[in-house]
Amino acid sequence: MVHQQRSQERPSPSGDTEDMVLSLAPRLAYFAGVARTEHVTRAAREMRVPQSTLSRAMVRLEQDLGVDLFARHGRTVSLTPAGRTFLTHVERALAEIERAADEVRADADAATGKVAFGFLHTMGAETVPGLIHAFRADHPRVRFSLVQNYGEAMLERLRAGELDLCLTSPVPDAPDLVARRLDEQKLRLVVPADHRLATRRRVRLAEAAEETFVTLEPGYGLRRITDDLCAEAGFRPRVAFEGEEAETLRGLVAAGLGVALLPPPAVARPGVVELTVTAPRAVREIGVAWLDGRPDTPPVAAFKKFLLSRRGSLLPA
């Protein structure tokens, strides 16, 4: 059936979708209310708006669409074929809006809300599970969306609004972010079990100047720290392999493919020896970061307060 066209010219004939949506959106709930009751006066009473406001909104909606949505019968109305088609889509849109509202309210709930939390791969096996376990002792129903990534990628996700908080290293210094140092983690020189240094417990990093290194890829915070520490020790590392995950690098070291500067593992890895670096001081700072000026929901505020309370005791002993 062909929908009846209104005789008057549409006031916005440009066809710009965004402008049309902005124009139609405020009147969709009004339209659904009138369509449900088939009576403007009754709909106005139920929605607690003046009848004149509702009537004008329906006339303007039909003008914007360029079709008749209602057939008028005195004080009552009935949907035209175009109106029935439009109502089907409007009800879906309003239901989706209602679901979205329910979801964001649920995520912000102090007791059952959600925290989007990012952290380094090296903190996923032990540190983060321990933190969440301790936090949930007092907040047992708070939910977490967990993201593991390298530092720069997490900071970009903070800026994009995809994360609320992240644990990262080095501690970022950027005008749009707030960052707080929480702890520091010693780095070790990891060598194969049959390496010339494997019988040692301590080593100066300069003693590895002629070694081949396996490292994380450029852009990772630990790679930058490795390069800086080697430069401080007086050499530039000869990099043979680059990876994305610390335990993969340990495997490469165990295979005799190089040495690496890495944080302690959650579980000891066979085939490697981990040496304390005496000079330069080989540590990485761990901090928590969030976007400056963004309001916190109650669960995010609670978890942020918890993380800040762990300053100096963030990492397992």
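Scroll up to find the structure this text is about.
Residues numbered from 1 in each chain as written. Predicted model: local features only at pLDDT ≥ 70, side-chain atom pairs only at ≥ 80, totals over all residues. Heavy atoms only, no water.

K.L.:
Hey, could you go over the overall build of the chain for me, with residue numbers and the actual values?
P.N.:
What the chain contains, in helices and strands, is 10 helices and 13 strands. What you see for the chain is a C-alpha radius of gyration of 31 Å, clearly larger than the 20 Å of a compact globule of 317 residues, by over 25%. Taken along the three principal axes of its C-alpha coordinates, the chain extends 100 × 45 × 35 Å. The proportion of buried residues among the 317 residues of the chain is 42%. At a minimum sequence separation of 6, the contacts of the chain that also span at least 24 residues come to 74%. When the accessible surface of the chain is split by element, carbon and sulfur atoms take 50% of a total near 17,100 Å². Both charge centroids of the chain, one from 43 positive and one from 42 negative side chains, sit 5 Å from each other. (Helix = DSSP H or I, 4+ residues; strand = E, 2+ residues; numbered from the N terminus. Rg over C-alpha atoms; globule rule 2.2 N^0.38 Å. Buried < 20%, exposed > 50% of the residue type's maximum accessible area, 1.4 Å probe, protein only. Contact = heavy atoms within 4.5 Å. Areas by Shrake-Rupley, 256 points an atom, 1.4 Å probe, with all protein chains shown as cover. Lys, Arg positive; Asp, Glu negative; His and termini not counted. Charge placed at Lys NZ, Arg CZ, Asp CG, Glu CD.)

K.L.:
If you had to explain the pairing of strand E3 (residues 114-119) to someone new, which residues and values would you point to?
P.N.:
Summarising burial for E3: 5 of the 6 residues are buried, a large majority. Note: E3 against strand E4 (residues 143-148), 6 bridges, orientation parallel. Bridge pairing links Lys114 to Arg143 in E4. Regarding the hand of the β-α-β motif, the stretch spanning E3, helix H6 (residues 127-135) and E4 is right-handed. Pairing of E3 with strand E5 (residues 165-168), which is carried by 3 bridges, proceeds in the parallel orientation. (Pairing = 2+ DSSP bridges. Right-handed = clockwise from strand over helix to strand, strands pointing away.)

K.L.:
I'd like a description of the sheet that holds E5, backed by residues and values.
P.N.:
What the 5 strands build is an open sheet, ordered E4-E3-E5-E13-E6; its pairing is mixed. At either end of the open sheet lies a strand with only one pairing partner, and these are E4 and strand E6 (177-186). On average, each strand axis in the sheet is tilted by 20° relative to the strand beside it, whichever way the strands run. As paired elements, E6 and strand E13 (residues 283-291) share 9 bridges and run antiparallel to each other. Residue pairing in the sheet places Gln185 in a bridge with Arg284 of E13. Along the sheet face, helix H7 (residues 151-159) touches E3, E4, E5, E6 and E13 and points at about 165° away from the line of E5. (Axes fitted to C-alpha atoms, helices over the stretch in contact; angles between N-to-C directions.)

K.L.:
Break down the sheet that holds strand E12 (residues 272-279) for me, with residues and values.
P.N.:
Strand-to-strand pairing in sheets goes through backbone hydrogen bonds, with the strands running parallel or antiparallel. An order of E8-E12-E7-E11 is seen for the 4 strands of this open sheet, with the pairing classed as mixed. Two strands bound the open sheet, and with one partner strand each, they are strand E8 (202-204) and strand E11 (260-262). Between one strand axis and the next, the sheet turns through 45° on average, direction left out of account. Summarising the sheet, E8 and E12 pair through 3 bridges and their orientation is parallel. Bridging across to E12, Arg204 finds its partner in Ala279.

K.L.:
If you had to explain the packing of helix H3 (residues 40-47) against helix H4 (residues 51-65) to someone new, which residues and values would you point to?
P.N.:
It is the contact of H3 with H4, at a shortest axis distance of 9 Å, that shows an interaxial angle of 115°. On the basis of the axis angle, H3 is roughly perpendicular to H4. You can see that H3 and H4 cross each other, and the crossing is right-handed. Residues Val40, Thr41, Ala43, Ala44 and Met47 of H3 touch H4, and the partners they reach there are Gln51, Leu54 and Ser55. Its residues assigned to classes, the contact of H3 with H4 shows 5 nonpolar, 3 polar and no charged. (Parallel < 35°, antiparallel > 145°, perpendicular 65-115°, else oblique. Left-handed = near helix turned anticlockwise from the far one by under 90°. Nonpolar A, V, L, I, M, F, W, Y, C, P; charged D, E, K, R; others polar.)

K.L.:
Which residues make up the pattern of salt bridges, and what values go with them?
P.N.:
Note that side chains of opposite charge can pair when their charged atoms are close. Applying the stated rule across the entire model yields 24 salt bridges. Across the pair Lys114 and Asp107 runs a salt bridge, and its minimum N-O distance is 3.9 Å. The exposure class assigned to Asp107 is buried, which follows from its relative accessible area of 18%. One network of salt bridges, with partners in common, ties together Arg181, Glu184, Arg281 and Glu285. (Salt bridge = Lys/Arg side-chain N within 4 Å of Asp/Glu carboxyl O.)

K.L.:
How would you summarise helix H5 (residues 81-108) if you had to cite specific residues and measurements?
P.N.:
Over its 28 residues, H5 runs 41 Å from end to end, which matches the ideal 40 Å to within 8%, given 1.5 Å per residue. In this structure, the buried residues of H5 make contact with helix H2 (28-37), H4, strand E2 (76-79), E3, E4 and helix H10 (298-309). (Expected span 1.5 Å × (residues − 1).)

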